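A closer look at the structure
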Amino acid sequence: MNMATFIAGLAVVLMLFFAARYIYKEKKKGTACIGCPYAGSCAKHQMGQGCEQPSDAEIDRIIDDLQKRKKDNAQ
């Protein structure tokens, strides 16, 4: 084994170690979905539910609801 192979192998092992360490620490803190940037502020995450992307219909419903609220507040 030459030096370049050893260094590349060591780099891979270190990356795996730090990734596993990060996951362990986040799970220990109670983070439900580690990969989600909104895990700290999302109501679903705070209730312990997993991450899921909303459908187009859900997004349209949310936008319509927000527009109705905006109209009601303007009056």
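Here the structure is a predicted model, which is why all the values come from computation and not from measurement.

A separate point is the overall build of the protein chain. Looking only at helices and strands, the protein chain features three helices and zero strands. Scanning the protein chain from its N terminus toward the C terminus, one meets helices and strands in the order α-α-α. Across the 75 residues that make up the protein chain, the buried fraction comes to 8%. As presented, the protein chain carries roughly 6,800 Å² of accessible surface, and 61% of it is formed by carbon and sulfur atoms.

Among the surface-exposed residues, M1, M3, F6, I7, L10, L14, F17 and F18 lie close enough to one another that they form a single nonpolar patch of about 910 Å² accessible area. Along the chain, the position of M1 falls in the segment before α1 (3-29).

Quick look at the packing of aromatic side chains now. Inspection of the entire model under this criterion finds one aromatic pair. A centroid spacing of 5.1 Å and a plane angle of 70° characterise the contact between F17 and F18, whose relative ring orientation is edge-to-face. Here F18 falls in the partly exposed class, since its relative accessible area comes to 44%.

A separate point is the confidence of the model for the protein chain. Averaged over the protein chain, the pLDDT score is 80; the fraction of residues at 70 or greater is 72%. Per-residue pLDDT, averaged within each element of the protein chain, yields its smallest value for helix α2 (residues 43-46) (63) and its largest for α1 (93).

What follows covers helix α3 (residues 56-74). Between its terminal C-alpha atoms α3 stretches 27 Å, which fits the 27 Å expected from 19 residues at 1.5 Å a residue. When you tally the buried positions in α3, you get zero out of 19 residues, a small fraction of the element.

Criteria and thresholds
- Residues numbered from 1 in each chain as written.
- Predicted model: local features only at pLDDT ≥ 70, side-chain atom pairs only at ≥ 80, totals over all residues.
- Heavy atoms only, no water.
- Helix = DSSP H or I, 4+ residues; strand = E, 2+ residues; numbered from the N terminus.
- Buried < 20%, exposed > 50% of the residue type's maximum accessible area, 1.4 Å probe, protein only.
- Areas by Shrake-Rupley, 256 points an atom, 1.4 Å probe, with all protein chains shown as cover.
- Patch = residues over 30% accessible without salt bridge, like charges linked within 9 Å, V, L, I, M, F, W, Y side chains within 5 Å.
- Salt bridge = Lys/Arg side-chain N within 4 Å of Asp/Glu carboxyl O.
- Phe/Tyr/Trp six-rings, centres within 6.5 Å; stacked < 30°, edge-to-face > 60°.
- pLDDT = per-residue confidence, 0-100.
- Expected span 1.5 Å × (residues − 1).

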